[in-house]
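Understanding the architecture of this molecule
Each chain, written out:
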Amino acid sequence: MNESGAGTSARYTVEKAMAALGSAIQDAAADPTRPVFHFHPPANWMNDPNGTVFHEGFYHVFCQHNPYSQAWDCMHWGHARSRDLVHWEHLPVALCPEHEAGEDHCFSGCAAVTDAGQPVIFYTSIGKRSPEQWAALGSADLVSWKRVQANPVLKESIHGDVEVAEWRDPFLFREAGRTFLVLGGRVGSDPAVLLYEATAPDWMKWEFKKVLYRHPDKSLQSLECPNFFRLGDRWVLMYSPYRQVEYCAGRFDPASLTFDVETNGQVDLSGRFYATNVLFDAAGRCVLFGWIRGFQDPHGWNGVLSLPREVRIGHDGHLRQTPVRELECLRGRSKQYGSVRIDGTPTGFGWPVTTLELRAVVEPGNAAS
């Protein structure tokens, strides 16, 4: 049975998804161009990281996933966990679309654990209707999930007279004993991030509070995959605006629910990095993940996650990012080179490897760029 108990007649089930994945693994593993350091499901399509959470000694990553093809379609939630952010154990697909209930896709969202110890997933349910925010409850080890009877837990009518479009991608955060969600969308002509507060301890009832942030560029379609979290005495809002991922940093007052932006910038200069998510581990580190997209002609797979990065705020109020130190365990033999002139002429180093880490100091000289 799938997580909703719909039985074997359901169009999408965990068993069907895992069988389809299994049949594609050999093709995906045989592709010599597939990245080997970066997280990816066993085969087929993946995009946004979802529900990143540290729980009972494991780092959990869910992701947008089509187990049936290397192309985007019928979004499921893939799932894996790791003790060290480097070596990943693939787990059964966590969410399948409840096609019989009018659901075509399980879009992006978050995972967290209530004060009572109940793991909960919130995600955007997409069908031939307006987007809705649905919830699923997890087992203690986060491996199996079942939809709640109360779905949808948030509908567009929650906004009253405020008209919201492109409404999706819930992200949960907690502050001052209160539990909040942010969602991305568009309010009138403004690409925006909206704020909600839980009104029940099991997080099954919510209240729309306000528009937390309006983007000044009204040409943007919306702000996808918003993440709002505290780093020290600052708060960071990340969002994916159909171009390079951006951030704002500043002060958030949980009493007035105001966010005063002090700095802003790009999270990553590459347009291949998109749809971020973060978690905080036992050491208090903020670990950032993103989807790496744009692969050409892959065989049996498409998409990986960025290497996990530790994020902090610098003295200037801007983000600082470094690869997590655990990745150093991947290092093998090293080789050093002296001065190498970079003048447009190919340089051969004579080292027959297909994967490597390059550490270099570049002296620009009189180069213009």
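In the block above lies the structure referred to throughout.
Given the structure is predicted, the values throughout are model-derived calculations rather than measurements.

A separate point is helix H1 (residues 14-29). With 16 residues, H1 extends 22 Å between its outermost C-alpha atoms, agreeing within 8% with the 22 Å of an ideal straight helix rising 1.5 Å per residue. The largest bend along H1 measures about 35° and falls at Ser 23. By the burial criterion, the buried members of H1 are Val 14, Ala 17, Ala 20, Leu 21, Ala 24 and Ala 28. Looking at the packing, one finds that the buried side of H1 touches strand E1 (44-55), strand E2 (58-66), strand E3 (76-82), strand E4 (88-95) and strand E19 (301-302).

Residues Phe 173 and Phe 228 are the most contacted members of the largest nonpolar core, which totals 62 residues. At six residues, the largest contribution of residues to this core is made by strand E18 (residues 286-292). For Phe 173, the contacting residues outside a window of four places in its chain are Arg 178, Thr 179, Phe 180, Val 182, Leu 195, Phe 228, Trp 235 and Phe 252. Val 120, Val 153, Leu 154 and Val 211 belong to the second largest nonpolar core, which has 23 residues in total.

Residues in a regular strand project their side chains so that they alternate between the two faces of the sheet. Of all the eight residues making up strand E17 (residues 273-280), seven are buried; the element is thus mostly covered by neighbouring parts of the structure. Where E17 lies against E18, six bridges are found, and the strand directions are antiparallel. Following the sheet pairing, Phe 280 is matched in E18 by Cys 286. Connecting the antiparallel pair E17 and E18 is a turn made up of five residues, with Gly 284 showing a positive phi of about 85°.

Evaluation of the coordinates by the stated rule reveals 25 aromatic pairs. Members of the aromatic cluster, joined through ring pairs, are Phe 173, Phe 180, Phe 228, Trp 235, Phe 252 and Phe 259. The lysine or arginine in question, Arg 293, covers the ring of Tyr 274, its NZ or CZ lying 4.2 Å from the ring centre.

Strand order in the open sheet made by the four strands is E9-E10-E11-E12, with antiparallel pairing throughout. Each edge of the open sheet is held by one strand with a lone partner, namely strand E9 (164-175) and strand E12 (206-214). Between one strand axis and the next, the sheet turns through 25° on average, direction left out of account. Relative to strand E11 (residues 190-198), strand E10 (residues 178-187) is paired through eight bridges, and the arrangement is antiparallel. Bridged to Leu 181 within E11 is Tyr 196.

Strand order in this open sheet of four strands is E13-E14-E15-E16, and the pairing throughout is antiparallel. Whereas interior strands pair on both sides, the edge strands pair on one side only; in this sheet they are strand E13 (224-231) and strand E16 (258-266). Each strand axis lies, on average, 25° off the axis of its neighbour in the sheet, ignoring direction. Strand direction decides the pairing type here: E13 and strand E14 (residues 234-240), joined by six bridges, are antiparallel. Bridge pairing links Arg 230 to Trp 235 in E14.

Its location among the elements puts Asp 104 in strand E5 (residues 103-113). Side chain to side chain, Asp 104 and Lys 128 meet in a polar contact 3.2 Å long. Apart from residues no more than four positions distant in its own chain, Asp 104 is found in contact with Cys 74, Met 75, Pro 97, His 99, Ile 126, Gly 127 and Lys 128.

Below, the discussion takes up unusual backbone geometry. Negative phi characterises most residues that are not glycine, and trans characterises most peptide bonds. Residue Pro 152 is bonded to the preceding Asn 151 through a cis peptide linkage, with omega at 0°. Within the secondary structure, Pro 152 is located in the loop between strand E8 (145-147) and E9. For Leu 142, which is not glycine, the phi dihedral falls at a positive 70°. Its place among the elements puts Leu 142 in the loop between strand E7 (132-138) and E8.

This paragraph deals with a nonpolar patch on the surface. Judged by side-chain polarity, Val 36, Phe 37 and Leu 330 come together as a nonpolar surface patch covering roughly 240 Å² of accessible area. Among the structural elements, Leu 330 can be located in the segment after strand E22 (319-323).

Where E18 meets strand E21 (residues 309-313), three bridges bridge the pair, whose relative direction is antiparallel. Paired with Val 287 across the two strands is Glu 310, which belongs to E21. Where E21 meets E22, five bridges bridge the pair, whose relative direction is antiparallel. When the sheet's bridge partners are listed, Val 311 is paired in E22 with Gln 321. From the end of E21 to the start of E22, which pair antiparallel, there are five residues, and Gly 317 there has a positive phi angle of about 85°.

Summed over all chains, the structure comprises 24 salt bridges. Across the pair Asp 217 and Arg 243 runs a salt bridge whose closest N-O atoms are separated by 3.0 Å. In this pair, Asp 217 sits in the loop between E12 and E13 while Arg 243 sits in the loop between E14 and strand E15 (246-253), placing the two residues 26 residues apart along the sequence. The partner of Glu 357 in a salt bridge is Arg 331, and the shortest N-O contact between them spans 2.8 Å. Here Glu 357, found in the segment after E22, pairs with Arg 331, found in the segment after E22; they are 26 residues apart in sequence, far enough to count as distant. A residue is classified by how much of its surface remains accessible, and Glu 357, at 47% relative accessible area, is partly exposed. We classify Arg 331 as partly exposed; its relative accessible area is 41%.

How each quantity is defined
Residues numbered from 1 in each chain as written. Predicted model: local features only at pLDDT ≥ 70, side-chain atom pairs only at ≥ 80, totals over all residues. Heavy atoms only, no water. Helix = DSSP H or I, 4+ residues; strand = E, 2+ residues; numbered from the N terminus. Expected span 1.5 Å × (residues − 1). Bend = angle between axes of the 7 residues up to and from the residue. Buried < 20%, exposed > 50% of the residue type's maximum accessible area, 1.4 Å probe, protein only. Contact = heavy atoms within 4.5 Å. Core = buried A, V, L, I, M, F, W, Y, C linked by side-chain atoms within 4.5 Å. Pairing = 2+ DSSP bridges. Phe/Tyr/Trp six-rings, centres within 6.5 Å; stacked < 30°, edge-to-face > 60°. Lys NZ or Arg CZ within 6 Å of the ring centre and 35° of its normal. Axes fitted to C-alpha atoms, helices over the stretch in contact; angles between N-to-C directions. Polar contact = N/O pair within 3.5 Å; in protein donor to acceptor, adjacent residues only side chain to side chain. Patch = residues over 30% accessible without salt bridge, like charges linked within 9 Å, V, L, I, M, F, W, Y side chains within 5 Å. Areas by Shrake-Rupley, 256 points an atom, 1.4 Å probe, with all protein chains shown as cover. Salt bridge = Lys/Arg side-chain N within 4 Å of Asp/Glu carboxyl O.

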